[in-house]
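Take a look at the letters that make up each chain.
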Amino acid sequence: DAKTTQPTSMDCAEGRAANLPCNHSTISGNEYVYWYRQIHSQGPQYIIHGLKNNETNEMASLIITEDRKSSTLILPHATLRDTAVYYCIVRVWDTGTASKLTFGTGTRLQVTL
Amino acid sequence: NAGVTQTPKFRVLKTGQSMTLLCAQDMNHEYMYWYRQDPGMGLRLIHYSVGEGTTAKGEVPDGYNVSRLKKQNFLLGLESAAPSQTSVYFCASSRLAGALEQFFGPGTRLTVL
């Protein structure tokens with residue numbers, strides 16, 4: 001699995017867009033980029049994933065650079081409830097196996113008033 | 001649609017006692033997982049199941065047993081609890097093989113004295 005690098009922490013004002021970067025310069029062609037978050041004392045929550053194209057869902061947008069060496073998770077209008085640790089994960093989608101989810105250190109996003 | 005539920009939410013055991021953690025999902029997912037999360041160590045996979053009646057070991061299976069008698073339920077047993085098993089336990093499920101889109105329960109906080 002490709003190694004990912006994320007900033008340790010970020011702050012964002014409520015109502016503004018939160019842009020969380022992830023560097024994955026060793027990503028290979030068949031590896032997906034996944035984002036999860038974990039709000040304090042809760043179970044991890046899947047946010048979004050993508051391979052090459054930008055993706056958007058009701059929670060967030062994922063922007064992947066053309067060379068796929070980095071990506072950005074965008075929360076368009078951050079609220080206090082988005083305060084959490086955000087994890088970027090790069091993995092192959094191997095349809096022959098159940099997949100273990102492994103978190104790195106992640107980015108601690110603090111949304112403030 | 002409750003998603004993934006876990007019981008109990010909290011439990012305190014004495015060393016040597018046994019208990020069973022119950023995970024239930026109502027999404028008709030084939031794949032189910034048990035993780036533990038300790039401070040500063042991220043998620044570690046204990047056991048997983050790729051379908052009713054099947055289970056497999058993860059990376060830290062010692063001291064735990066599991067059963068998947070029904071598709072919607074995945075049980076984690078501790079036969080003789082040890083203080084090293086003090087942790088937060090998360091159950092997750094996924095629809096597709098190899099997918100990292102996993103849905104997590106709220107967790108069980110277990111303390112072994």
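Rules of the game
- Residues numbered from 1 in each chain as written.
- Chains lettered and ligands numbered in written order.
- Predicted model: local features only at pLDDT ≥ 70, side-chain atom pairs only at ≥ 80, totals over all residues.
- Heavy atoms only, no water.
- Helix = DSSP H or I, 4+ residues; strand = E, 2+ residues; numbered from the N terminus.
- Rg over C-alpha atoms; globule rule 2.2 N^0.38 Å.
- Contact = heavy atoms within 4.5 Å.
- Buried < 20%, exposed > 50% of the residue type's maximum accessible area, 1.4 Å probe, protein only.
- Pairing = 2+ DSSP bridges.
- Core = buried A, V, L, I, M, F, W, Y, C linked by side-chain atoms within 4.5 Å.
- Salt bridge = Lys/Arg side-chain N within 4 Å of Asp/Glu carboxyl O.
- Polar contact = N/O pair within 3.5 Å; in protein donor to acceptor, adjacent residues only side chain to side chain.
- Nonpolar A, V, L, I, M, F, W, Y, C, P; charged D, E, K, R; others polar.
- Axes fitted to C-alpha atoms, helices over the stretch in contact; angles between N-to-C directions.

Attention now moves to the overall build of chain B. Within chain B one finds 0 helices and 11 strands. Reading chain B from its N terminus to its C terminus gives the helix and strand order β-β-β-β-β-β-β-β-β-β-β. The C-alpha atoms of chain B give 13 Å as radius of gyration, which agrees with the globular expectation for 113 residues (13 Å, within 12%). In terms of its C-alpha atoms, chain B occupies a principal-axis envelope of roughly 40 × 30 × 25 Å. Look at the contacts in chain B between residues 6 or more apart in sequence, and 55% of them connect residues 24 or more apart.

The subject of this paragraph is the pairing of strand 9 (residues 87–94) of chain B. Residues and elements named next belong to chain B. The element strand 9 is largely enclosed, with a buried count of 8 among its 8 residues. Judged by which residues are buried, strand 9 turns out to be covered on both faces: Ser87, Tyr89, Cys91 and Ser93 on one side and Val88, Phe90, Ala92 and Ser94 on the other are all buried. Looking at chain direction, strand 4 (residues 31–38) and strand 9 are connected through 7 bridges and run antiparallel. Among the inter-strand pairings, Arg36 is bridged to a residue of strand 9, identified as Tyr89. One ladder, built from 3 bridges, connects strand 9 with strand 11 (residues 108–112); its direction is antiparallel. The partner of Tyr89 across the bridge, within strand 11, is Thr108.

Okay, the nonpolar core next. Formed by 22 residues in total, the largest nonpolar core has its most connected members in Leu20, Trp35, Leu73, Leu75, Tyr86 and Leu109 of chain A. Elements supplying a minimum of two residues to this core: strand 2 (18–23), strand 3 (31–38), strand 4 (45–50), strand 6 (61–64), strand 7 (70–75), strand 8 (84–92) and strand 9 (107–112) of chain A. Listed in part, the 19 residues of the second largest apolar core include Tyr34 of chain A together with Tyr31, Tyr33 and Phe104 of chain B.

This part is about the environment of Ile48 of chain A. Structurally, Ile48 of chain A is set in strand 4. Each C-alpha atom of the pair Ile48 of chain A and Ala17 of chain A lies 16 Å from the other, and the pair is 31 residues apart in sequence.

At the interface, 21 residues of chain B touch 21 residues of chain A. The interface formed by chain B and chain A holds 0 salt bridges in total. For the pair chain B and chain A, the number of links is 2 residue pairs in polar contact (both at pLDDT 80 or more). The residue makeup of the side of chain B that touches chain A, split by class, is 14 nonpolar, 4 polar and 3 charged.

Residue and element names in this part refer to chain A. A sheet is described by the order of its strands in space; here 5 strands give the open sequence 1-9-8-3-4, paired in mixed fashion. The two strands at the open ends of the sheet, each matched to only one other strand, are strand 1 (9–13) and strand 4. In this sheet, neighbouring strand axes are inclined to one another by 25° on average, regardless of whether the strands run parallel or antiparallel.

For residues that are not glycine, phi is negative in most cases, and the peptide bond is trans in most cases. All names here are of chain B. Geometrically, the link from Thr7 to Pro8 is a cis peptide bond, its omega value of -10° lying close to zero. One can find Pro8 in the loop between strand 1 (4–7) and strand 2 (10–13). Despite not being glycine, Asn28 has its phi angle at roughly 60°, a positive value.

To continue, consider the pattern of salt bridges. All names here are of chain B. For the structure on display, the rule yields 4 salt bridges over all chains. For Arg36, the salt bridge identified is with Asp38, shortest N-O distance 3.1 Å. The residues Arg36 and Asp38 share a single accessibility class, namely buried.

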